[in-house]
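# Summary of structural features
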Amino acid sequence: MSRLELIATAAFGLEAIVSRELSDLGYTEQTVEDGRVCFVADELAICRCNLWLRAADRVLIKVGSFLATNFDELFQGVTELAWPEWLPFDAKFPVSGKSVRSQLHNEPSIQGVTKKAIVECLKKTYQRHWFDENGAEYPIEVSILKDRVTLSIDTSGVGLHKRGYRPEVAAAPLRETTAAALVLLSYWGRERPFLDPFCGSGTIPIEAALIARNRAPGTNRGFQCDQWGQISRDHWKQAREETRDKQLPKPRYTLQASDIDGKVVSLAKRNAFEAGVADDIDFKKLDVLELKTIRDYGCIITNPPYGERLGDDDSAAAIYDDMADAFAPFTTWSVYVLTSHPGFERFFRRQADRRRKMYAGRIECHYFQYYGPRPPGEPPLEDLWNFFPILRLDRLFPAASIPWLCRKQPQATSLRCLVLTCKLRWVVRCDWGYDDPTMRGNVAVSERTRYESGSQERRWPMRCLAPMCLRHVVPERTPSETLKKTLRDST
Ligand SMILES: C[S@@+](CC[C@H](N)C(=O)[O-])C[C@H]1O[C@@H](n2cnc3c(N)ncnc32)[C@H](O)[C@@H]1O
């Protein structure tokens, strides 16, 4: 069972973020579909993905998939899958089902037939007629979309948005997964100031602080698959050790969060304490109109009232008008606002640079993004690029240590590569060199690729590449202080 098909489910609009998170974890063999990212990985990935994914709802094991237009075909298809590989003889396996645009649509019957078929399959393997189902639980999902049946087992149990730090919430809280996605979709990084002036229960600043610390969001919770015999204790140990090893120190700037409601601010402080980031966030009771900052080039990421859940439409419009005045002095900041209010841009008096459709619960929202200027002192990409020498691959890496790299460019003999995580979340350029004269005429640098945040092309585990390159680079010339700082920040 070393090669598994897994599924990370996600709210509509967050699939691309989950796909990026999976790539960052090194799982690049993916297919992105509505509400899910299917990927190929091993058993260790089940532990790592449950612990690390910030924007996904659950991690499922795909047991199989087939077409069925009647109950006989459904029964037959289910019995043919390898259930005994996952379900021990005492497994408890509740079945839930859903069907969309399919000939089989009666969900209780779909669940019943699936359950019977699994029992039939287990009977053959375990040579028994009755199963007590008093062991570990393996929740099974049968989902049918346009007559294609997919069977999966849920490894997460309680949804991954339940990080365990938010026992109480204020009115209209965002899901932790949505809050994390807002931060991941922005150009904010741990080296820039952060502000949420409508913080409510503190979900956005807490998720930002967890990201800044590179702390795995699932560290303080358990998962459905904890007790499953198929996932070895060693995998859990390794995955949990990794979460400890990868933590970063406190970021340079304390994150700022405020709300007009003092009770809500106390609650947010408690939640931050539970999440272990109380020292990283400065919470204040403040009307948005009282905002001040002495910092530049920060990011405001916020979720103001939008009428549907808190207050009414007119009061939301008045708040957006106040926001326009309150944010006016923040001339160098980027602003990101999630709201469902259709007139947001009009009342805020600015057209967004980018809008993205998302959901907060069942409410359709837009994420309005206003990009500020680039922080000065961040050297232009070209300068950094020229700073990197061309490196012989055989001297740079023992080939076997990075098989994905060698697979990608098997004939390449040299590489120049740059990864930044400052202004753009990712900027990567790779030039591959070939000695073979048939490969573009013996040129040292023959291919250039530029990958940017959100690009469909970004398929490699770039974060793995960056530190390797930076560690091995012997500078050809002395870098300036600014350049040194950027290189330090980018690793
Ligand atoms: C949609 S909620 C934010 C929810 C938050 N993202 C969470 O996950 O809990 C909006 C918040 O704006 C606050 N608020 C309303 N008017 C405000 C104002 N004029 N200045 C600052 N905060 C205000 C409310 O108290 C409420 O907590």
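This report concerns the structure included in the present document.

## Thoughts on the environment of Y370
- Within the secondary structure layout, Y370 lies in strand β14 (residues 363-370).
- The exposure class assigned to Y370 is partly exposed, which follows from the 18 C-beta atoms found within 10 Å.
- It is 8.1 Å that separates the C-alpha atoms of Y370 and Q351, two residues lying 19 residues apart in sequence.
- Those residues in contact with Y370 that sit more than four places away from it in its chain are S334, V335, R350, A352 and D353.

## Re the site of the ligand
- Residues in contact with the ligand amount to 21 residues; listed here are only the nearest, P173, F198, G200, S201 and T203.
- Class assignment of the residues belonging to the shell around the ligand gives a composition of 14 nonpolar, 4 polar and 3 charged.

## A look at the sheet that holds strand β5 (residues 95-100)
- The strand order across the open sheet formed by 7 strands is β2-β3-β1-β4-β7-β6-β5, and the pairing between neighbours is mixed. Sheet topology places β2 (30-33) and β5 at the edges, where each strand pairs with a single neighbour. For this sheet, the mean angle separating the axes of adjacent strands, direction not counted, is 30°.
- As paired strands, strand β4 (residues 58-67) and strand β7 (residues 148-154) are joined by 7 bridges and run antiparallel to one another. Its bridge partner being in β7, K62 is matched across the sheet by S152.
- Where helix α2 (residues 43-52) meets the sheet, it contacts β1 (4-9), β3 (36-41) and β4, and its direction lies at approximately 15° from that of β1.

## Focus: the sheet that holds β14
- In space, the 7 strands of this open sheet follow the order β10-β9-β8-β11-β12-β14-β13, with mixed pairing throughout. At either margin of the open sheet sits one strand with a lone partner, and together these are β10 (281-285) and β13 (354-360). If you compare each strand with its neighbour and ignore which way they point, the axes differ by 20° on average.
- Of the pairings in the sheet, the one linking β13 to β14 comprises 7 bridges and is antiparallel in character.

## Focus: the environment of V40
- In this fold, V40 is placed in strand β3.
- What makes V40 partly exposed here is the crowd of 15 C-beta atoms within 10 Å.
- Along the backbone, V40 and Q30 are 10 residues apart, and their C-alpha atoms lie at a distance of 6.7 Å.

## Some remarks on the packing of α2 against helix α7 (residues 233-245)
- One way to put it is that α2 packs onto α7 with a least axis distance of 9 Å and a crossing angle of 40°. Taken together, the axis directions place α2 and α7 in an arrangement best described as oblique. The two elements α2 and α7 meet at a crossing, and its hand is right-handed. In this structure, α2 uses E43, L44, C47, R48 and L51 to contact α7, whose residues at the interface are H235, W236, Q238, A239 and T243.
- For the contact of α2 with α7, the residue count by class is 5 nonpolar, 3 polar and 2 charged.

Thresholds applied
- Residues numbered from 1 in each chain as written.
- Predicted model: local features only at pLDDT ≥ 70, side-chain atom pairs only at ≥ 80, totals over all residues.
- Helix = DSSP H or I, 4+ residues; strand = E, 2+ residues; numbered from the N terminus.
- Buried ≥ 20, exposed ≤ 12 C-beta atoms within 10 Å, placed from the backbone.
- Contact = placed C-beta atoms within 7 Å.
- Near = placed C-beta within 6 Å.
- Nonpolar A, V, L, I, M, F, W, Y, C, P; charged D, E, K, R; others polar.
- Pairing = 2+ DSSP bridges.
- Axes fitted to C-alpha atoms, helices over the stretch in contact; angles between N-to-C directions.
- Parallel < 35°, antiparallel > 145°, perpendicular 65-115°, else oblique.
- Left-handed = near helix turned anticlockwise from the far one by under 90°.

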